[in-house]
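One letter stands for each residue in the lines below.
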Amino acid sequence: NTGAFTYDPGFTSTASCESKITYIDGDQGVLLHRGYPIDQLAEKSSFMEVAYLLMRGELPNPDDYDEFVRTITRHTMIHEQLAMFYRGFRRDAHPMAIMCGVVGALSAFYHDSTDINDPVQRRIASHRLIAKMPTIAAMAYKYSVGQPFLYPDNSLSYTGNFLRMTFGVPAEAYEVDPVIEAAMDKIFILHADHEQNASTSTVRLAGSSGANPFACIAAGIACLWGPAHGGANEAALEMLREIGTPDKIPEYIKRAKDKDDPFRLMGFGHRVYKNYDPRAKVMQKTANEVLDKLGVDDPIFDVARELEQIALNDDYFVEKKLYPNVDFYSGVILSAIGFPTSMFTVLFALARTVGWVAQWNEMIEDPAQKIGRPRQLYTGATARDYVEITNR
Ligand code: SDX
């Protein structure tokens, strides 16, 4: 007991794994990465420093940090053949469909050279994944808007490099806006890892069979795409746009409470948090700051804040402990920066790759690790004899 809150090590009876990476207390709304509170990391750290922390377990000293960033930066380019892979997609393909395909295709380039039993090769594969995700994500966007791909410019920061590859064009110089760079870096930190969520569990389960890490991360991307998980940020902004104005909110609150209506308040509720998602608090503050600094007066943000206030004071949501989660405000910021909603989950996947990679390494390094094999409760037919079709 640290005085701040009491530790609950987790559901020891039903725990799917042990981990030292992320601690969540859903009742108290606590999220720690290697012991450091998420709000402190979001305000004081950088995404590359958080990536180092998740991977290595400690915050880096200046030399280790510089070496880590240099190593990641060296791997930002992708193979020219992989760039050709994009050409096989329709221009209107959802960027997450492209991410599933292209990240999985990294296996075709590195599977043979990645012995996952060799810690050095595991580390190289980890660095390749973290480094190439921004390039692959930016190329998915460029392909969808019919603009040429930009090569990485490794004189920029990890996040600045991504912004330039996404929004830059060969015809003009691109200046990274420090306000946007800082906001994106913070958004990446808030999405970096989150214990054994569905997509991380997918990566661990895939990895437990010995599959190569590139294929495992592609599996995580596929799982994250679902609207109940990472796809909620795209769905939340589309919901806010559909609501349009604060006077329409009561109608949607009513629908969200109607058991016969499949509508859910996207960006609300959580499998674990039965209190305010600490990431959502930082995200709302960041949305305020970014919209003010960019001079964006987006009525959607007013709808989001009004919806939150109404829901937080509604008995149904209070009783069911439904609070805004990480996806509720992120879309407002990403939209203000200029990303289309179709890119929101891609950005989530880019950031969550550092968590997936850290968790994959932790799983592989565990000497007691065995192939995952979830059991079931059988509720089907009891044993019976075959009946010839002529007798049915
Ligand atoms: C992420 O696991 C993680 O850590 C995920 C994540 C990460 O970083 O990896 O945090 C990222 O996925 C965040 C969640 C994003 N998804 C959404 O915002 C989609 C909208 N939310 C819901 O679909 C829902 O809240 C879930 C899927 C997130 C959780 O669903 P559960 O497990 O059913 O939630 P619950 O058990 O707490 O629900 C309690 C009740 C249920 O009703 P009853 O069965 O009791 O009658 O509340 C209802 C739910 O039907 N409910 C909602 C609701 N969420 C739950 N009702 C209206 N609107 C909602 N958003």
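Residues numbered from 1 in each chain as written. Predicted model: local features only at pLDDT ≥ 70, side-chain atom pairs only at ≥ 80, totals over all residues. Heavy atoms only, no water.

## Looking at the packing of aromatic side chains
A ring pair, where both rings are aromatic, is described by two values, the distance of the centres and the angle of the planes.
Move 1: Summed over all chains, the structure comprises 17 aromatic pairs.
Move 2: Ring geometry for Phe 301 against Tyr 329: centres 5.9 Å apart, planes inclined by 75°, an arrangement best described as edge-to-face. Highlighted residues: Phe 301 in helix H14 (residues 299–312) and Tyr 329 in helix H16 (residues 327–337), separated in sequence by 28 residues.
Move 3: The exposure class of Phe 301 is buried, given its relative accessible area of 4%.
Move 4: Ring centres of Phe 328 and Tyr 329 lie 4.9 Å apart, and the angle between their planes is 80°; this geometry places the pair in the edge-to-face category. Comparing Phe 328 with Tyr 329 shows no difference in burial state: the two are buried.
Move 5: Sitting above the plane of the Tyr 143 ring, Arg 91 keeps its charged end 4.1 Å from the centroid. (Phe/Tyr/Trp six-rings, centres within 6.5 Å; stacked < 30°, edge-to-face > 60°. Helix = DSSP H or I, 4+ residues; strand = E, 2+ residues; numbered from the N terminus. Buried < 20%, exposed > 50% of the residue type's maximum accessible area, 1.4 Å probe, protein only. Lys NZ or Arg CZ within 6 Å of the ring centre and 35° of its normal.)

## Describing the UniProt feature "active site" (unreviewed entry) in the chain
Move 1: Sequence positions flagged by UniProt for "active site" (unreviewed entry) are, in local numbering, His 270 and Asp 327. Of the residues just listed, which span 58 residues, no C-alpha pair is farther apart than 10.4 Å, and they cluster in one region.
Move 2: With respect to the secondary-structure elements, His 270 resides in the loop between helix H12 (249–257) and helix H13 (278–294).
Move 3: Classification of His 270 as partly exposed rests on a relative accessible area of 22%.
Move 4: With sequence-adjacent residues up to four places away left out, His 270 is seen in contact with His 194, Asp 277, Arg 279 and Asn 325.
Move 5: One polar contact links the side chain of His 270 to the main-chain amide nitrogen of Val 272, over a distance of 2.8 Å.
Move 6: Along the chain, Asp 327 falls in helix H16. (UniProt positions renumbered as here; feature names shortened; annotations may be inferred. Contact = heavy atoms within 4.5 Å. Polar contact = N/O pair within 3.5 Å; in protein donor to acceptor, adjacent residues only side chain to side chain.)

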